[in-house]
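Analysis of the macromolecular model
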Amino acid sequence: MFEGSYLGDQDRLDPNARLECGICWWIYDPAEGDALAQVVPGTPFAALPAHWTCPNCDAPREKFMVVDE
C-alpha cells in the first residue's frame, strides 16, 4: 500500500497542507475544501470523512502526497 509522503500518519500533516493524488494529480486544498463531497472550505486533509476518495478518480486517501511549496 502506498502511504504518501506523510507515511500514513495524519498527525504529521500540517492543517494547511495541500495534498496531491498520486493517480490523477488532483490537489486537495483545505482552503477550498471539496464541493462535490460537500466538504466545507477550511477542512484539513486529516479531518476528511473516512469514506472520502479523490473526487476526480476515486483513489483512496492513502494515494495522496503532500505538495511541497
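Residues numbered from 1 in each chain as written. Predicted model: local features only at pLDDT ≥ 70, side-chain atom pairs only at ≥ 80, totals over all residues. Heavy atoms only, no water.

**So, the overall build of the protein**
For the protein, the helix and strand inventory stands at 0 helices and 3 strands. Shown N-terminal to C-terminal, the secondary structure of the protein runs as helices and strands in the order β-β-β. In the protein, buried positions account for 30% of the 69 residues. Relative to all contacts within the protein whose residues are 6 or more apart in sequence, the contacts with residues 24 or more apart total 53%. With an accessible surface of roughly 4,400 Å², the protein has 51% of that area assigned to carbon and sulfur atoms. (Helix = DSSP H or I, 4+ residues; strand = E, 2+ residues; numbered from the N terminus. Buried < 20%, exposed > 50% of the residue type's maximum accessible area, 1.4 Å probe, protein only. Contact = heavy atoms within 4.5 Å. Areas by Shrake-Rupley, 256 points an atom, 1.4 Å probe, with all protein chains shown as cover.)

**Things to note about the sheet that holds strand S2 (residues 27-28)**
In space, the 3 strands of this open sheet follow the order S2-S1-S3, with antiparallel pairing throughout. Each edge of the sheet is formed by a strand with only one pairing partner; in this case those strands are S2 and strand S3 (64-66). (Pairing = 2+ DSSP bridges.)

**Things to note about the pattern of salt bridges**
The full count for this structure, using the stated rule, is 1 salt bridge. Across the pair Arg-18 and Asp-29 runs a salt bridge, and its minimum N-O distance is 3.7 Å. Note that Arg-18 is positioned in the segment before strand S1 (19-21) and Asp-29 in the loop between S2 and S3, a separation of 11 residues in sequence. (Salt bridge = Lys/Arg side-chain N within 4 Å of Asp/Glu carboxyl O.)

**A few points about the confidence of the model for the protein**
Considering every residue of the protein, the mean pLDDT works out to 89; 90% of them sit at 70 or more. Within the protein, S3 has the poorest average pLDDT of any element, 91, and S2 the best, 97. (pLDDT = per-residue confidence, 0-100.)

**Section: the nonpolar core**
In this structure, Leu-19, Tyr-28, Phe-45, Leu-48, Trp-52 and Phe-64 are the most contacted members of the largest nonpolar core, which totals 13 residues. Excluding its chain neighbours within four sequence positions, the residues that come into contact with Tyr-28 are Ala-17, Arg-18, Leu-19, Gly-33, Asp-34, Val-39, Thr-43, Pro-44, Phe-45, Leu-48, Trp-52 and Phe-64. (Core = buried A, V, L, I, M, F, W, Y, C linked by side-chain atoms within 4.5 Å.)

**Section: the packing of aromatic side chains**
Under the definition given, this model contains 7 aromatic pairs. With a centroid separation of 5.3 Å and 55° between ring planes, the pair formed by Trp-52 and Phe-64 is classed as tilted. Here Phe-64 lies in strand S3 and Trp-52 lies in the loop between S2 and S3, a separation of 12 residues in the sequence. Of the two residues, Trp-52 and Phe-64, neither departs from the other in class, the shared state being buried. Taken together, the aromatic side chains of Trp-26, Tyr-28, Phe-45, Trp-52 and Phe-64 make up a single cluster linked through ring pairs. The ring of Phe-45 has Arg-61 lying over it, and the distance from NZ or CZ to the ring centre is 5.3 Å. (Phe/Tyr/Trp six-rings, centres within 6.5 Å; stacked < 30°, edge-to-face > 60°. Lys NZ or Arg CZ within 6 Å of the ring centre and 35° of its normal.)

**Thoughts on the environment of Ala-37**
As for its position among the elements, Ala-37 is in the loop between S2 and S3. Given a relative accessible area of 37%, Ala-37 falls into the partly exposed group. Sequence spacing of Ala-37 and Cys-54 is 17 residues, and the spatial spacing of their C-alpha atoms is 9.5 Å.

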